[in-house]
Amino acid sequence: MQEADQRGMVSFTSIFPAAYTGRWPHIHFEVYPDLAAATSAGNKITTSQLALPEAACRAVYATDGYRTSVTNLARTSLTNDNVFRDGTATQLATVTGDVSSGLTAALSVPVVA
């Protein structure tokens, strides 16, 4: 859990998610009106996810530890994913960097409280 800064920005460090059967690689997130409200799921403003671009997925999955993800990614697309098939115009992250020094995924998410 993180509190947004004055500009409404948050950042976190994580490992790159694996690809599992039937889903395109993604990261879930929830937005709450403030830290106190984040103690109850009923207070959330929205739940969403960001989709990771195919090029970034392929680069990461070419490294050790992601063998199953290579197979799962080959079987899935953004158009046949059971959530993203309705479009990713507002959920597809922009990824910069490289696998050896780290990747940064960015996504602007307008939220109206």
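Here the residue numbering is sequential within each chain, running from 1 through the sequence in written order. Totals for whole chains, interfaces and linings use every residue, but because this is a predicted model, local features are given only for residues with pLDDT of at least 70 and side-chain atom pairs only at 80 or more, for both listing and counting. Hydrogens are left out, water is left out, and the side-chain values use all remaining heavy atoms of the structure.

Engineer: Help me understand the pairing of strand β3 (residues 94-98) in this model?
Structural biologist: Each regular strand displays side chains that alternate between the two surfaces of the sheet. Here, a strand pair is defined by DSSP locating no fewer than two bridges between the strands. A run of H or I in DSSP becomes a helix once it reaches four residues, and a run of E becomes a strand once it reaches two; helices and strands are each numbered from the N terminus. For β3 and strand β4 (residues 102-106), the ladder comprises five bridges, and the chain directions are antiparallel. Within β4, the position partnered with Asp98 by the bridge is Gly102.

Engineer: Even after reading the chapter, I still don't get helix α2 (residues 67-75), so can you show me in this structure?
Structural biologist: Along an α-helix, a turn takes 3.6 residues, which lines up residues three or four apart on a common side. By the burial criterion, the buried members of α2 are Ser69, Asn72 and Leu73. Looking straight down α2, one finds that the buried residues subtend no more than 100° of arc, so they occupy a single side. Across from the buried face of α2, at angles greater than 90 degrees, the exposed residues are Arg67, Ala74 and Arg75. Any pair of residues with heavy atoms lying within 4.5 Å of one another is described as a contacting pair. Buried-residue contacts for α2 involve α1 (54-61). For each residue, the accessible area found with a 1.4 Å probe, counting protein chains only, is set against the maximum for its type, and the residue is called buried under 20%, exposed over 50%, and partly exposed in between. The arc in question is formed by the directions pointing from the helix axis toward the C-beta atoms.

Engineer: What am I meant to see in the packing of aromatic side chains here?
Structural biologist: For any pair of aromatic rings, geometry is given as the distance between the ring centres together with the angle between the planes. Whether two aromatic rings pair depends on their centres lying within 6.5 Å, for rings of Phe, Tyr and Trp, where Trp uses its six-membered ring; planes under 30 degrees apart make the pair stacked, over 60 edge-to-face, and the rest tilted. Enumeration according to the criterion identifies two aromatic pairs in this entry. Here Phe16 and Tyr61 contribute two aromatic rings whose centre-to-centre distance is 5.8 Å and whose plane-to-plane angle is 85°, an arrangement assigned as edge-to-face. Separated by 45 residues along the polypeptide, Phe16 in the segment before β1 (26-31) and Tyr61 in helix α1 bring together distant segments of the chain. Each member of the pair, Phe16 together with Tyr61, is buried. Taken together, a centroid distance of 5.2 Å and an interplanar angle of 35° make the contact between Tyr61 and Tyr66 tilted.

Engineer: Explanation requested: the nonpolar core in the structure shown.
Structural biologist: Soluble globular proteins: nonpolar side chains tend toward being buried together. One finds Phe16, Cys57, Tyr61 and Leu73 to be the most contacted residues of the largest nonpolar core, which totals 14 residues. Looking at this core, the elements with two or more residues in it are β2 (46-51) and α1. Ranked by residues supplied to this core, first place goes to α1 with four residues. If we skip the residues at most four places from it in the chain, Leu73 touches Ala19, Trp24, Pro25, Cys57, Arg58 and Tyr61. To qualify as a nonpolar core, a set must consist of buried Ala, Val, Leu, Ile, Met, Phe, Trp, Tyr and Cys residues joined through side-chain atoms within 4.5 Å.

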